[in-house]
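Residue-level structure breakdown
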There are 2 protein chains.
Amino acid sequence: MLPSSTVENYLKAIYLGVSSAGQPSGLLPMGQLAAALGVAPGTATTMVKTLAESGLVRYEPYAGVTLTEAGEKLAALVVRRHRVIELFLVQVVGYRWDEVHEEAEQLEHAVSDRLIDRMDEMLGRPKADPHGDPIPDPEGVVKPQPMQSLLTCPMHTPVTITRVIDQDKVFLRFIENHHLKPGESIEVEDRDSASDSVRVRGKNQERITIGTRAASKLLVQ
Amino acid sequence: MLPSSTVENYLKAIYLGVSSAGQPSGLLPMGQLAAALGVAPGTATTMVKTLAESGLVRYEPYAGVTLTEAGEKLAALVVRRHRVIELFLVQVVGYRWDEVHEEAEQLEHAVSDRLIDRMDEMLGRPKADPHGDPIPDPEGVVKPQPMQSLLTCPMHTPVTITRVIDQDKVFLRFIENHHLKPGESIEVEDRDSASDSVRVRGKNQERITIGTRAASKLLVQ
DNA sequence: AGTCAAATTCATCAGCGCTCAAAGTCAGGT
DNA sequence: ACCTGACTTTGAGCGCTGATGAATTTGACT
């Protein structure tokens, strides 16, 4: 039984949810999962129970859900497909980086492993997609890179933007317009908790002040 | 309501079936449709009735089915997607021409118009896919090219192979190995109804004899 | 007229993905 | 200790899609 795209989406949501939503337990609460997928809570519970029976997921009633080995591999491969496709669309097909997400969302359920591998090869076995999100290898393994956000990185020190955690078109355009895409080198000049903002100096000394909410979505190294 | 991939497959089957299966009436019998889709006859009847209610199809009980304007356009666009993808896979991604069919079969239901147009552009607005099958334009229009098969074309006259009507891997490999791919120039030397075969002379005087069944699948101009 | 292949009808099924509302659980606060 | 409120589970149930198989009907042909 190959997984339906709904199943793939659940696994992906859990995969992404567990890592990002900073749950100390490593368990993703059902509410969050349901919200991420845009379904009623009961729906998520039911589906997760099914996934648990298939051995893809470990489910603790009232606590949350996490992936098993098998589930994690599957999820990682979905994510891999998504990210390889995104990069391919940008690099080969000429999409803009704020346009690729929806397309990849569809294609990730339709492409064969074969095709993904060919794309991956054409792209030179890249380690990250256009947003800087890491691309799992064909085994589903992704080695974690230590990153800090603009809120936590050292100040007055040159850092390189490596990742943008947001798929919103408007935000991505903004980032692009102000030369804050992954790869750019910048420096945090000031943080002000009163005004809830961070000032950075970027390419050709351009200065820009952004809110902490936005700053937290920019990861650097 | 955007059509499910099942609906797209029905439309495509009717589109391809009506043109190829040489029905004088222009109607495709339900039996053939059911067979093409690998479903029971009753299933096809039911589905076709539904399609008729959506105005995509004209259905004559006990006679067969054909596409309406709307249905034909939709079907042609599915076929367009399929063929653009096939060519893209060969030309850009480096697939072999006998490998693209299955992949395209999946992708044709997942790609956006946007992406198809970009691929089409990258490929230079091609008029045919790797098998020589014509690619409908974005409006679903395809202008018919008069073609003859190796069984009907003039003998002892150079002709160019333009199309191969068969997706079977083994056959395609055979065609490729003997330099009979679309674009190659050849000449029919002999037809023999007794032995049910056709002898052609191809590139660098290579001679090869093939059965009439195979010969009928090679179209020339 | 009779026959036969093909097509239609109809009763039915199964899976998927989902909702809603009622009932249950759990943790924090007083 | 208990209460409250937020979150979760349960269970009944729905709607759609896509399919089947067997009985019946139709229409073409001899």
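Up top you'll find the structure we're talking about.
Residues numbered from 1 in each chain as written. Chains lettered and ligands numbered in written order. Predicted model: local features only at pLDDT ≥ 70, side-chain atom pairs only at ≥ 80, totals over all residues.

A word on the overall build of chain A. Helix and strand counts for chain A stand at eight helices and eight strands. The C-alpha atoms of chain A give a radius of gyration of 19 Å, which matches the 17 Å a tight globule of 221 residues would have. Looking at chain A as a whole, 35% of its 221 residues are labelled buried. Across chain A, the fraction of contacts at a sequence separation of at least 24, relative to all contacts at a separation of at least 6, is 56%. (Helix = DSSP H or I, 4+ residues; strand = E, 2+ residues; numbered from the N terminus. Rg over C-alpha atoms; globule rule 2.2 N^0.38 Å. Buried ≥ 20, exposed ≤ 12 C-beta atoms within 10 Å, placed from the backbone. Contact = placed C-beta atoms within 7 Å.)

Taken together, the neighbourhood of DNA strand C is formed by 18 residues, with A:Thr6, A:Ala40, A:Gly42, B:Gly31 and B:Gly42 sitting nearest. Sorting the residues of the surface near DNA strand C by element identifies helix H1 (5-20) and helix H3 (41-53) of chain A together with helix H2 (30-37) and helix H3 (41-53) of chain B as the ones contributing at least two each. Looking at the surface near DNA strand C element by element, the count peaks at four residues for H3(A). Here the surface near DNA strand C is built from residues that sort into ten nonpolar, eight polar and no charged. (Near = placed C-beta within 6 Å. Nonpolar A, V, L, I, M, F, W, Y, C, P; charged D, E, K, R; others polar.)

This part takes up the protein's contact with DNA strand D. Surrounding DNA strand D, one finds 18 residues, the nearest of these being A:Gly31, A:Gly42, B:Thr6, B:Ala40 and B:Gly42. Mapped onto the surface near DNA strand D, the elements with two or more residues apiece are helix H2 (30-37) and H3 of chain A together with helix H1 (5-20) and H3 of chain B. In terms of residue count, the dominant contributor to the surface near DNA strand D is H3(A) (four residues). In the surface near DNA strand D, the residues fall into nine nonpolar, nine polar and no charged.

All right, on to the relation of the copies chain A and chain B then. Expressed as a screw transformation, the operator carrying chain A onto chain B has a rotation angle of 180° and an axial translation of 0.0 Å, and the superposed copies differ by an RMSD of 0.1 Å. This pairing of chains is accounted for by a two-fold axis. Interface overlap between copies: 100% of the residues of chain A at the interface are likewise at the interface in chain B, consistent with a symmetric, same-surface contact. (Least-squares fit on C-alpha atoms with pLDDT ≥ 70 in both.)

Next up on the list: the sheet that holds strand E4 (residues 158-164) of chain B. Residue and element names in this part refer to chain B. If you trace the six strands from one edge of the open sheet to the other, you get E3-E8-E4-E5-E6-E7, paired in antiparallel fashion. Only two strands of the sheet have a single neighbouring strand rather than two, namely strand E3 (148-149) and strand E7 (207-211). Where strand E6 (residues 197-201) meets E7, five bridges bridge the pair, whose relative direction is antiparallel. Residue Val198 lies in a different strand from E7, and its bridge partner there is Ile210. (Pairing = 2+ DSSP bridges.)

Quick look at the packing of helix H4 (residues 69-93) of chain A against helix H5 (residues 100-107) of chain A now. What describes two packed helices is the angle between their axes and the distance between those same axes. All names here are of chain A. Viewed as axis vectors pointing N to C, H4 and H5 meet at an angle of 130°, and their least axial separation amounts to 9 Å. When the interaxial angle is binned, H4 and H5 end up oblique. H5 is crossed by H4, and the crossing has right-handed handedness. Where H4 approaches H5, its residues His82, Ile85, Glu86, Leu89 and Val90 are matched on the opposing element by Val100, Glu103, Ala104 and Leu107. (Axes fitted to C-alpha atoms, helices over the stretch in contact; angles between N-to-C directions. Parallel < 35°, antiparallel > 145°, perpendicular 65-115°, else oblique. Left-handed = near helix turned anticlockwise from the far one by under 90°.)

Structural measurements only, silent on function.
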